[in-house]
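The chain contents come next:
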Amino acid sequence: MTKIEIEAGLQEICPSLQLGIIQCKVNTKEENPNLWQLINETTINIQQNLAIPAIADIPAIKSSKKAYRAIGKDPSRYRLSAESLLRRIVNGKGLYKINNVVDLLNLASIKSGFSIGGYNADKIEGTVRFGIGKADEIYQGIGRGKLNIDKLPIFRDQQGAFGSPTSDSLRTQIDESCSNFLMIIISFQSENGLTEAMDVAINLLKEYAEAEQIQKTML
């Protein structure tokens, strides 16, 4: 299993930070119709029952936005990925269709409110450290281009920054070549809801990505 550490500087500012880590072998493919039926049912329910102002009050999102402010990043300018997904749904735009692994990750995120990182573990080098971004770090966010990660919570490996609760990077993105999948559920509210979110994610991985050799831990 990929070794992951939380840097002391980030943990001191965010003492309730906890990570739910899942790593497994997956069969990544373009689309799973049964998964999309479930996604459509979920998004319709959210659109009918959630308003934009209420998104910020979802506990996992509220605690994460508070953490961003404590670190020094404006969560309104650098929205959490979970918040961005939910805003799309409430605005009637639905979810992006990428591939079965990314799609089920997004489903787990909108169901829990946690921002979730998904990475091709074979493209990660050495120990992963979760710390605070610096102004001079280069980062190409998926669908966002160059992203200013100064004061963002950031995952790094030996090659540099590759993931954040706002946007993951192109370098470790999940495409159909991915078979070794690393999922990190990011909680700024300790264990509250984290075990349940991990269980949901694992069940989705088994059902829709043929997940095997599943390893999990909390950090």
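Below is a summary of the structure that appears in this document.

Definitions and cut-offs
Residues numbered from 1 in each chain as written. Predicted model: local features only at pLDDT ≥ 70, side-chain atom pairs only at ≥ 80, totals over all residues. Heavy atoms only, no water. Helix = DSSP H or I, 4+ residues; strand = E, 2+ residues; numbered from the N terminus. Rg over C-alpha atoms; globule rule 2.2 N^0.38 Å. Buried < 20%, exposed > 50% of the residue type's maximum accessible area, 1.4 Å probe, protein only. Areas by Shrake-Rupley, 256 points an atom, 1.4 Å probe, with all protein chains shown as cover. Lys, Arg positive; Asp, Glu negative; His and termini not counted. Charge placed at Lys NZ, Arg CZ, Asp CG, Glu CD. Expected span 1.5 Å × (residues − 1). Contact = heavy atoms within 4.5 Å. Axes fitted to C-alpha atoms, helices over the stretch in contact; angles between N-to-C directions. Parallel < 35°, antiparallel > 145°, perpendicular 65-115°, else oblique. Left-handed = near helix turned anticlockwise from the far one by under 90°. Nonpolar A, V, L, I, M, F, W, Y, C, P; charged D, E, K, R; others polar. Pairing = 2+ DSSP bridges. Salt bridge = Lys/Arg side-chain N within 4 Å of Asp/Glu carboxyl O.

Helix and strand content of the chain: seven helices and 10 strands. Computed over the C-alpha atoms, the radius of gyration of the chain is 16 Å, within 12% of the 17 Å expected from 2.2 N^0.38 for a compact globule of 219 residues. Its C-alpha atoms give the chain principal-axis dimensions of roughly 40 × 40 × 35 Å. Residue burial in the chain is summarised as follows: out of 219 residues, 53% are buried. Per element, the accessible surface of the chain, about 10000 Å² overall, is 44% carbon and sulfur. Computing the positive centroid from 25 side-chain charges and the negative centroid from 25, the chain places the two 7 Å apart.

The first and last C-alpha atoms of helix 4 (residues 59–71) sit 18 Å apart over 13 residues, in line with the 18 Å expected at 1.5 Å per residue. Ala-60, Ile-61, Ser-63, Ser-64, Lys-65, Ala-67, Tyr-68 and Ile-71 are the residues of helix 4 that are buried. Lining the buried residues of helix 4 we find helix 1 (8–13), helix 3 (52–55), helix 5 (81–90), helix 6 (100–112), strand 4 (128–132) and strand 7 (153–157). In the stretch just after helix 4, Gly-72 is the one whose phi turns positive, near 115°.

Attention now moves to the packing of helix 2 (residues 33–49) against helix 6. Angle between the axes and distance between the axes are the two parameters that describe a pair of packed helices. Across the interface, helix 2 lies against helix 6 with an axial gap of 11 Å and an inter-helix angle of 30°. Judged on the interaxial angle alone, helix 6 and helix 2 are roughly parallel. Here helix 2 runs over helix 6; the crossing is left-handed. Counted together, Leu-35, Trp-36, Leu-38, Ile-39, Thr-42, Thr-43 and Ile-46 of helix 2 and Asn-100, Asp-103, Leu-104, Leu-107, Ile-110 and Lys-111 of helix 6 form the full contact between these two elements. Class assignment for the residues of the contact of helix 2 with helix 6 results in eight nonpolar, three polar and two charged.

For the rest of this paragraph, the subject is the sheet that holds strand 3 (residues 115–120). Read across the open sheet, the four strands follow the order 3-9-2-10; overall the sheet is antiparallel. Looking at which strands have only one partner, the edges of the open sheet turn out to be strand 3 and strand 10 (212–218). Strand-to-strand twist of the sheet, defined as the mean angle between neighbouring strand axes without regard to direction, takes the value 15°. Examined bridge by bridge, strand 2 (residues 18–25) and strand 9 (residues 180–187) share eight bridges and lie antiparallel to one another. If you follow Leu-19 over to strand 9, its bridge partner there is Ile-186. Helix 7 (residues 194–209) contacts strand 2, strand 9 and strand 10 of the sheet and is inclined by roughly 15° relative to strand 2.

For the rest of this paragraph, the subject is the pattern of salt bridges. Summed over the entire model, instances satisfying the criterion amount to 12 salt bridges. Between Arg-129 and Glu-5 there is a salt bridge, and its shortest N-O distance comes to 3.4 Å. Remark: Glu-5 occurs in strand 1 (residues 4–6) and Arg-129 occurs in strand 4; sequence separation between them is 124 residues. For Arg-129, a relative accessible area of 37% gives the class partly exposed. Take Glu-5: its relative accessible area is 28%, and that puts it in the partly exposed class. A salt bridge links Arg-171 to Asp-157; the nearest nitrogen and oxygen atoms lie 2.9 Å apart. Remark: Asp-157 occurs in strand 7 and Arg-171 occurs in the loop between strand 8 (160–163) and strand 9; sequence separation between them is 14 residues. Its relative accessible area of 9% is what places Asp-157 among the buried residues.

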